[in-house]
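Breakdown of the fold
Listed here are the chains, written in short residue letters.
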Amino acid sequence: MQQNINIKNKRARFEYEFLDTYTAGIVLSGTEIKSIRQSKASISESFCEFNDRGELFVINMQIDEYSHASHFNHRPKAERKLLLNKRELKKLEKEVKTSGLTIIPLKLFLNDRGLAKLQIALAKGKKLYDKRETIKDRDNKRDLDRIKKNFNR
């Protein structure tokens, strides 16, 4: 009965260089988890920030309103708290403050118990020439695969 929900941030790998990844839980309401189970969520423009109490929140994560809910529905772009160990939170906060790095959501998924989890990464933004290098490598790999396929015939 458990269906596989796997919502990815496809742009993140192109825009950022990942240094470290973590899996965090999310504090959700009832209608939010129901929308996620219907794959009605997007993390493409979202990012993570710390508040003044040292708690980590995901900003700009779009979870569409649940279609069968009454007036108790949630706000689609609300800030949602992420759940990590205190040690991991302190490490992330120190890296963000000192190095100027950012925290980017990579993947939203349901684990085997049916709980929503968010895979986040400590990331550094790529420069324009890094993006060009990524495109060039991808094109070279595609051409090489074509040559191998034609050679094996």
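Residues numbered from 1 in each chain as written. Predicted model: local features only at pLDDT ≥ 70, side-chain atom pairs only at ≥ 80, totals over all residues. Heavy atoms only, no water.

Regarding the pattern of salt bridges
Short version of the rule: For salt bridges, the criterion is a side-chain nitrogen of Lys or Arg within 4 Å of an Asp or Glu carboxyl oxygen. A run of DSSP states H or I qualifies as a helix once it reaches four residues; a run of E qualifies as a strand once it reaches two. Both are numbered from the N-terminal end. Each residue is placed in one exposure class: buried if its accessible area under a 1.4 Å probe, protein chains only, is under 20% of its type's maximum, exposed if it is over 50%, and partly exposed if it falls in between.
A complete count under the given rule lists nine salt bridges for this structure. A salt bridge links Lys 131 to Glu 15; the nearest nitrogen and oxygen atoms lie 3.2 Å apart. Of the two residues, Lys 131 sits in helix 4 (residues 128-151) while Glu 15 sits in helix 1 (residues 12-15), which places them 116 residues apart along the sequence. Residue classification places Glu 15 among the partly exposed positions, given a relative accessible area of 24%. Note that Asp 145 and Lys 141 form a salt bridge whose closest N and O atoms lie 3.2 Å from each other. Taken together, the positions of Asp 145 and Lys 141, both in helix 4 and four residues apart, correspond to about one turn of that helix. On the accessibility criterion, Lys 141 (52% relative accessible area) is exposed. Each of Arg 11, Glu 15 and Lys 131 takes part in one network of salt bridges that share partners.

Some details on the environment of Leu 84
Just so we agree on the cut-off: Any two residues whose heavy atoms approach within 4.5 Å at even a single point are treated as in contact.
Position of Leu 84 among the secondary structure elements: in the loop between strand 7 (80-83) and helix 3 (86-99). Under the relative-accessibility criterion, Leu 84 is labelled buried at 15%. It is 7.0 Å that separates the C-alpha atoms of Leu 84 and Gly 25, two residues lying 59 residues apart in sequence. Setting aside residues up to four positions removed in sequence, Leu 84 forms contacts with Tyr 22, Thr 23, Ala 24, Leu 56, Leu 89, Leu 92 and Ile 120.

Details of the nonpolar core
For clarity, the cut-off: Here, nonpolar core refers to any group of buried Ala, Val, Leu, Ile, Met, Phe, Trp, Tyr and Cys residues whose side-chain atoms link them within 4.5 Å.
The biggest cluster of nonpolar side chains holds 27 residues, and the ones touching the most others in it are Leu 56, Leu 82, Leu 92 and Ile 120. If you list the elements that add at least two residues to this core, you get strand 2 (16-26), helix 2 (30-37), strand 4 (47-50), strand 5 (56-59), helix 3, strand 8 (102-110) and strand 9 (116-125). Top contributing element to this core by residue count: strand 9, with four residues. Residues within four places of Ile 120 in sequence aside, it is in contact with Asp 20, Thr 21, Tyr 22, Cys 48, Leu 56, Leu 82, Leu 84, Leu 92, Ile 103, Ile 104, Pro 105 and Leu 106. Core analysis: the second largest hydrophobic core is formed by five residues, Ile 104, Leu 106, Ala 121 and Ala 123 among them.

Quick look at the side chain of Thr 31
If you trace the backbone, Thr 31 turns up in helix 2. With sequence-adjacent residues up to four places away left out, Thr 31 is seen in contact with Tyr 66, Ala 69, Phe 72, Asn 73 and His 74.

Examining the pairing of strand 4
Formally: DSSP calls a pair of strands paired once it identifies at least 2 bridges connecting them.
Only one face of strand 4 is buried: it carries Cys 48 and Phe 50, and the other face, with Phe 47 and Glu 49, is open. Here strand 4 pairs with strand 5 via four bridges, running antiparallel. From the neighbouring strand, Phe 47 faces strand 5, where its bridge partner is Ile 59. Between strand 4 and strand 5, which pair antiparallel and follow one another directly, the connecting turn spans five residues, one of which, Gly 54, has a positive phi of 85 degrees.

Observations concerning unusual backbone geometry
The phi dihedral of Ser 39 falls on the positive side, at around 60 degrees, and the residue is not glycine. Here Ser 39 lies in the loop between helix 2 and strand 3 (41-42).

Observations regarding the pairing of strand 5
Two faces, one strand: in a regular strand the side chains alternate between the faces of the sheet. Covered by surrounding structure in strand 5 are Leu 56 and Val 58 together with Phe 57 and Ile 59, the residues of both alternating faces. Here two bridges tie strand 5 to strand 7, and the two strands are oriented antiparallel to one another. Across the sheet, residue Val 58 finds its bridge partner in strand 7, namely Arg 80.

Re helix 2
Along helix 2, the positions that sit buried rather than exposed are Thr 31, Glu 32, Ile 33, Ser 35 and Ile 36. Contact partners of the buried residues in helix 2: strand 3, strand 6 (62-63), strand 7, strand 8 and strand 9. Backbone geometry just after helix 2 places Ser 39 at a positive phi near 60 degrees.

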